[in-house]
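# Coordinate analysis (summary)
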Amino acid sequence: MEYDFMNHPIAWLEWTGLHMSPWKIIGLTGAIMFGGRWLVQFLASRKYGRPVIPRLFWYMSLLGSAMTLSYFVFSQKQDSVGVIQNLFPAFTAAYSLYLDIRHRGWKRDRASH
């Protein structure tokens with residue numbers, strides 16, 4: 001049987017009591033990124049004094065969804081609920097990012113929000 005590196009705990013983390021596989025780290029990083037996008041949105045809205053969704057919000061949404069989606073598809077977890085939960089936000093984030101780039105242009109520094 002072939003050794004599955006991505007689904008086995010990382011040895012150098014075992015002393016901490018954490019049993020983290022590379023897939024688990026990818027999934028957790030994606031979840032943190034997906035949740036952290038709200039902090040980005042909050043800070044941007046606070047800066048401008050009105051509701052603002054910066055482009056970084058859509059990048060974090062897309063990347064966070066893709067990472068957690070890959071965790072649920074490729075790891076031992078293989079959870080259809082997690083796949084569905086992350087598939088729809090990934091499409092929405094990709095489309096919203098496309099609209100943002102189309103509306104404000106690819107390279108915008110200080111475009112109005």
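Here is what the cut-offs are and how they apply
Residues numbered from 1 in each chain as written. Predicted model: local features only at pLDDT ≥ 70, side-chain atom pairs only at ≥ 80, totals over all residues. Heavy atoms only, no water. Helix = DSSP H or I, 4+ residues; strand = E, 2+ residues; numbered from the N terminus. Rg over C-alpha atoms; globule rule 2.2 N^0.38 Å. Patch = residues over 30% accessible without salt bridge, like charges linked within 9 Å, V, L, I, M, F, W, Y side chains within 5 Å. Areas by Shrake-Rupley, 256 points an atom, 1.4 Å probe, with all protein chains shown as cover. Salt bridge = Lys/Arg side-chain N within 4 Å of Asp/Glu carboxyl O. Buried < 20%, exposed > 50% of the residue type's maximum accessible area, 1.4 Å probe, protein only. UniProt positions renumbered as here; feature names shortened; annotations may be inferred. Polar contact = N/O pair within 3.5 Å; in protein donor to acceptor, adjacent residues only side chain to side chain.

### Let's talk about the overall build of the protein
- A count of helical and extended segments in the protein gives three helices and zero strands.
- Written out in order from the N terminus, the α and β elements of the protein read α-α-α.
- Relative to a compact globule of 113 residues, whose C-alpha radius of gyration would be 13 Å, the protein shows 17 Å and is clearly more extended.
- Along the longest, intermediate and shortest principal axes, the C-alpha atoms of the protein span 55 × 30 × 25 Å.

### Here we look at a nonpolar patch on the surface
- A grouping of Leu39, Phe42 and Leu43 is seen on the molecular surface, where their side chains present a nonpolar patch of about 310 Å² in accessible area.
- Structurally, the position occupied by Leu43 is in helix α1 (residues 22-48).
- The class for Leu43 is partly exposed, based on a relative accessible area of 47%.

### A closer look at the UniProt feature "domain: Lipid A biosynthesis N-terminal" (unreviewed entry) in the protein
- In the UniProt entry, the feature "domain: Lipid A biosynthesis N-terminal" (unreviewed entry) is given for residues 26-99.
- Helix and strand shares over residues 26-99 are 85% and 0% respectively, and the end C-alpha atoms of the span are 27 Å apart.

### A closer look at the side chain of Arg104
- Of note, Arg104 is situated in helix α3 (residues 80-104).
- On the basis of relative accessible area, Arg104 is assigned to the buried category, the value being 18%.
- Here the side chain of Arg104 touches Ile53 through a polar contact of 3.3 Å, landing on its backbone oxygen.
- At 2.6 Å, the side chain of Arg104 forms a polar contact with the side chain of Asp100.

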